[in-house]
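Fold and geometry: a report
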Amino acid sequence: MTVTYHSGETRNLWQAIGRGLRGRCPHCGEGRLFGRFLKVNRQCDGCGEELHHHRAADLPAYLSIVIVGHVVVFLMVEFEMHGTLSPLAYILMLVPLSIVLALVLLQPIKGGVVGLQWANRMHGFDPEHRDPALPDEQI
């Protein structure tokens, strides 16, 4: 899906999300999106695209919880259908799995959300429009 705006520049939505999932700049795909684990760089090292406009907030954590929850509940149902496990076995297997899976998914999901916002020109990613979330003194 390609998003076209009146400036004439088209932004491929799925390409931007894919680049974000890989931790790359949604614009060029070369520069690193993250400086630290979940800290988005202010701008791309490769093309200079400003990335500080993102407002990912709680969406990556929410999506990560939804995915991990579905995986864990599926495993619990499978374990119950094919035999019984003690509650301690559930705790020893599923709690570490939940923590590791959530941490593994969090950064790629946040990158995908930043790519989504960039492709749709949300939150200041459109240079022709001022971000309505900014206070007046930052115009």
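Above this note sits the structure.
Contact geometry of helix 1 (residues 13-21) with helix 3 (residues 87-119) gives a least axis separation of 6 Å together with a crossing angle of 150 degrees. In terms of axis orientation, helix 1 runs roughly antiparallel to helix 3. In this structure, the crossing between helix 1 and helix 3 has a hand that is right-handed. Contact with helix 1, carried on its side by L13, A16, I17, G20 and L21, involves P108, I109, G111, G112, G115, L116, W118 and A119 of helix 3 and no other residues of that element.

This part covers the packing of aromatic side chains. Counting across every chain of the model gives one aromatic pair. Aromatic side chains F79 and Y90 sit 6.2 Å apart centroid to centroid with 50 degrees between the ring planes, which places their arrangement in the tilted category. Taken as a pair, F79 in helix 2 (residues 59-81) and Y90 in helix 3 lie far apart in primary sequence, 11 residues in all. For F79, a relative accessible area of 26% corresponds to the partly exposed category. Residue class for Y90 comes out buried when judged on its relative accessible area of 14%. In this structure, R11 packs its charged tip against the face of W118, placed 4.3 Å from the ring centre.

Another point: helix 2. The end-to-end C-alpha separation of helix 2 is 33 Å, in line with the 33 Å expected for 23 residues at 1.5 Å each. Looking at helix 2, one finds that the buried residues are P60, S64, V68 and V72. On its buried side, helix 2 packs onto helix 3. Two residues or fewer past helix 2, G83 is found with a positive phi of approximately 145 degrees.

Moving on, we come to unusual backbone geometry. We note that A57 has phi near 50 degrees; this positive angle belongs to a residue other than glycine. Topologically, A57 is positioned in the loop between helix 1 and helix 2. The exposure class assigned to A57 is exposed, which follows from its relative accessible area of 70%. With a phi close to 55 degrees, R121 is a non-glycine residue in the positive phi region.

Take the nonpolar core next. Counting 13 residues, the largest nonpolar core has L33, V40, L51, V114, W118 and A119 as its most contacted members. What W118 contacts, discounting residues up to four positions off in sequence, is R11, A16, P26, H27, E49 and F125.

To continue, consider helix 3. Residues spaced three or four apart along an α-helix point in a common direction, a consequence of the helix completing one turn every 3.6 residues. Here helix 3 spans 46 Å end to end across 33 residues, near enough to the 48 Å set by a 1.5 Å rise per residue. At L106, helix 3 shows its strongest bend, of approximately 30 degrees, with the proline P108 following within four residues. Positive backbone phi, approximately 55 degrees, marks R121, located one or two places after helix 3.

So, about a nonpolar patch on the surface. Residues F37, L38, L88, I91, L92, V95, I99 and L103 make up a contiguous nonpolar surface patch of roughly 750 Å² in combined accessible area. In this fold, L92 is placed in helix 3. The exposed category is assigned to L92, whose relative accessible area is 59%.

Scoring rules and cut-offs
Residues numbered from 1 in each chain as written. Predicted model: local features only at pLDDT ≥ 70, side-chain atom pairs only at ≥ 80, totals over all residues. Heavy atoms only, no water. Axes fitted to C-alpha atoms, helices over the stretch in contact; angles between N-to-C directions. Helix = DSSP H or I, 4+ residues; strand = E, 2+ residues; numbered from the N terminus. Parallel < 35°, antiparallel > 145°, perpendicular 65-115°, else oblique. Left-handed = near helix turned anticlockwise from the far one by under 90°. Contact = heavy atoms within 4.5 Å. Phe/Tyr/Trp six-rings, centres within 6.5 Å; stacked < 30°, edge-to-face > 60°. Buried < 20%, exposed > 50% of the residue type's maximum accessible area, 1.4 Å probe, protein only. Lys NZ or Arg CZ within 6 Å of the ring centre and 35° of its normal. Expected span 1.5 Å × (residues − 1). Core = buried A, V, L, I, M, F, W, Y, C linked by side-chain atoms within 4.5 Å. Bend = angle between axes of the 7 residues up to and from the residue. Patch = residues over 30% accessible without salt bridge, like charges linked within 9 Å, V, L, I, M, F, W, Y side chains within 5 Å. Areas by Shrake-Rupley, 256 points an atom, 1.4 Å probe, with all protein chains shown as cover. Salt bridge = Lys/Arg side-chain N within 4 Å of Asp/Glu carboxyl O.

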